[in-house]
Amino acid sequence: MQKLNYDAQESWSMTAGLMQSPIAITSKTADSIDYPASLELYYDLNANYVRDTGQGLEVGLTGTAIIANRPFRLQQFHVHAPSEHTLDGESYDGEIHFVHEAADGRLAVIGVFLQLGAPSETFANILSRINDESVFSCEVTDLLPTNRSYYHYIGSLTTPPLSENVDWYVLEQPMTISAEQLAEFHVHYDHNNRHLQPLNGRHVLYYQDK
């Protein structure tokens, strides 16, 4: 399997250019959302596979996300390390992307930062099942914060073809994995994070979960 070369990102093919991801998020300049826009996540408890896709580790999980009262179907989630987005200048140890699609084909990605701390049982389960196509228990509650405050902007996929008009929801509260788990991930990927992209005048919104 040929892996995506993260050391030659300038050679990646892309379909558009001015609304790319990831970005550097700055909390002080984000505009507050003052209308109902909560995240409601109803993910299944069993996953279908764990794959090394050449871009990262991907888990075949399904479920539903209600984002600002609009339903999206979860397609999969995957892991980047270190994080792709930054928050107030801080890069995290990792970042999970939960990729969703609406009935009209629009994509929404929920990003969760990972930092070193207590181990994640779910992350350990994923690491032990790489390239396993069998169904397994994957309760992702220890990879999702209970507080659903987030930063929202319009961006792109972070791997080729880098398609734009993706709704991004980057959760403010990070989750934890252990140093040993991060080191095991790095056995497969020394780093698989795309470089930060220019904001190009885009607005970043902030929703505070009550």
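Scope of this entry: the structure provided in the associated data block. None of the values given here were measured: they were computed from a predicted structure.

Quick look at the overall build of the protein chain
- Scanning the protein chain from terminus to terminus reveals two helices and 17 strands.
- Its C-alpha radius of gyration of 16 Å places the protein chain within 12% of the 17 Å reference for a compact globule of 210 residues.
- Each of the three principal axes of the protein chain carries a C-alpha extent, and together these read 40 × 40 × 35 Å.
- Within the protein chain, the proportion of its 210 residues that are buried is 50%.
- Entry remark: accessible area of the protein chain is about 9700 Å², with carbon and sulfur atoms responsible for 49%.
- Within the protein chain, one finds 11 positive and 27 negative side-chain charges whose respective centroids are separated by 6 Å.

Quick look at the layout of surface pockets
- The computed volume of the largest pocket comes to approximately 240 Å³.
- Lining the largest pocket are 16 residues, and of these Gln55, Gln76, His78, Val99 and Thr159 sit closest to its centre.
- Those elements that place two or more of their residues in the lining of the largest pocket are strand 8 (70-80) and strand 11 (94-101).
- With three residues, the top contributor of residues to the lining of the largest pocket is strand 8.
- Of the residues in the lining of the largest pocket, the class split is six nonpolar, nine polar and one charged.

Let's talk about the sheet that holds strand 10 (residues 90-91)
- Taken in spatial order, the three strands make up an open sheet running 1-9-10, and their pairing is mixed. Two strands close off the open sheet at either side, each with one partner strand: strand 1 (24-25) and strand 10.

Side note on the pattern of salt bridges
- A complete count under the given rule lists five salt bridges for this structure.
- With a shortest N-O distance of 3.3 Å, Lys3 and Asp52 are connected by a salt bridge. Remark: Asp52 occurs in strand 5 (residues 50-52) and Lys3 occurs in the segment before strand 1; sequence separation between them is 49 residues.
- What makes Lys3 partly exposed here is its relative accessible area of 34%.
- Using a relative accessible area of 11% as the deciding quantity, one classes Asp52 as buried.
- Between Asp132 and Arg129 there is a salt bridge, with its nearest N and O atoms 3.6 Å apart.
- Its relative accessible area of 25% is what places Asp132 among the partly exposed residues.

A look at the environment of Pro82
- Structurally, Pro82 is set in the loop between strand 8 and strand 9 (86-87).
- We classify Pro82 as partly exposed; its relative accessible area is 26%.
- Sequence spacing of Pro82 and Asn192 is 110 residues, and the spatial spacing of their C-alpha atoms is 7.1 Å.
- Once residues lying within four places of it in the same chain are set aside, the contact partners of Pro82 are Ser91, Tyr92, Asp93, Gly94, His191 and Asn193.

Structural notes on the nonpolar core
- Ranked by size, the top nonpolar core spans 42 residues in total, and within it Tyr43, Phe77, Phe98 and Ile110 carry the most contacts.
- Filtering out sequence-adjacent residues up to four positions away, Ile110 remains in contact with Leu39, Leu41, Tyr43, Ile67, Ile96, His97, Phe98, His100, Tyr169 and Leu171.
- Judged by nonpolar contacts, the second largest core, of 15 residues, contains Leu87, Tyr92, Phe113 and Trp168.

What about the pairing of strand 8?
- Judged from the three bridges that link them, strand 6 (residues 57-59) and strand 8 form a sheet pairing that is antiparallel. Counted as the bridge partner of Glu58 is His78 from strand 8.
- Sheet topology note: the strand 7 (residues 63-67)/strand 8 ladder contains five bridges and is antiparallel. Paired with Ile67 across the bridge in strand 8 is Arg70.
- Between the antiparallel neighbours strand 7 and strand 8 lie two residues, among them Ala68 with a positive phi of about 50°.

What to know about the side chain of His152
- Relative to the helices and strands, His152 is located in strand 14 (residues 150-156).
- Of the residues examined, His152 reaches a relative accessible area of 13% and is grouped as buried.
- A polar side-chain atom of His152 sits 2.8 Å from the main-chain carbonyl oxygen of Trp168.
- Apart from residues lying up to four places away in sequence, His152 is in contact with Asp167, Trp168, Tyr169, His203, Val204 and Leu205.

Each value, and the rule that gives it
- Residues numbered from 1 in each chain as written.
- Predicted model: local features only at pLDDT ≥ 70, side-chain atom pairs only at ≥ 80, totals over all residues.
- Heavy atoms only, no water.
- Helix = DSSP H or I, 4+ residues; strand = E, 2+ residues; numbered from the N terminus.
- Rg over C-alpha atoms; globule rule 2.2 N^0.38 Å.
- Buried < 20%, exposed > 50% of the residue type's maximum accessible area, 1.4 Å probe, protein only.
- Areas by Shrake-Rupley, 256 points an atom, 1.4 Å probe, with all protein chains shown as cover.
- Lys, Arg positive; Asp, Glu negative; His and termini not counted.
- Charge placed at Lys NZ, Arg CZ, Asp CG, Glu CD.
- 1 Å grid on protein atoms, 1.4 Å probe; cavity = no way out; pocket = protein on both sides within 12 Å on 5 of 7 lines; lining within 4 Å.
- Points joined across faces, edges and corners; volume = space filled by probe spheres on them.
- Nonpolar A, V, L, I, M, F, W, Y, C, P; charged D, E, K, R; others polar.
- Pairing = 2+ DSSP bridges.
- Salt bridge = Lys/Arg side-chain N within 4 Å of Asp/Glu carboxyl O.
- Contact = heavy atoms within 4.5 Å.
- Core = buried A, V, L, I, M, F, W, Y, C linked by side-chain atoms within 4.5 Å.
- Polar contact = N/O pair within 3.5 Å; in protein donor to acceptor, adjacent residues only side chain to side chain.

The quantities given are spatial measurements derived from coordinates; they are silent on function.
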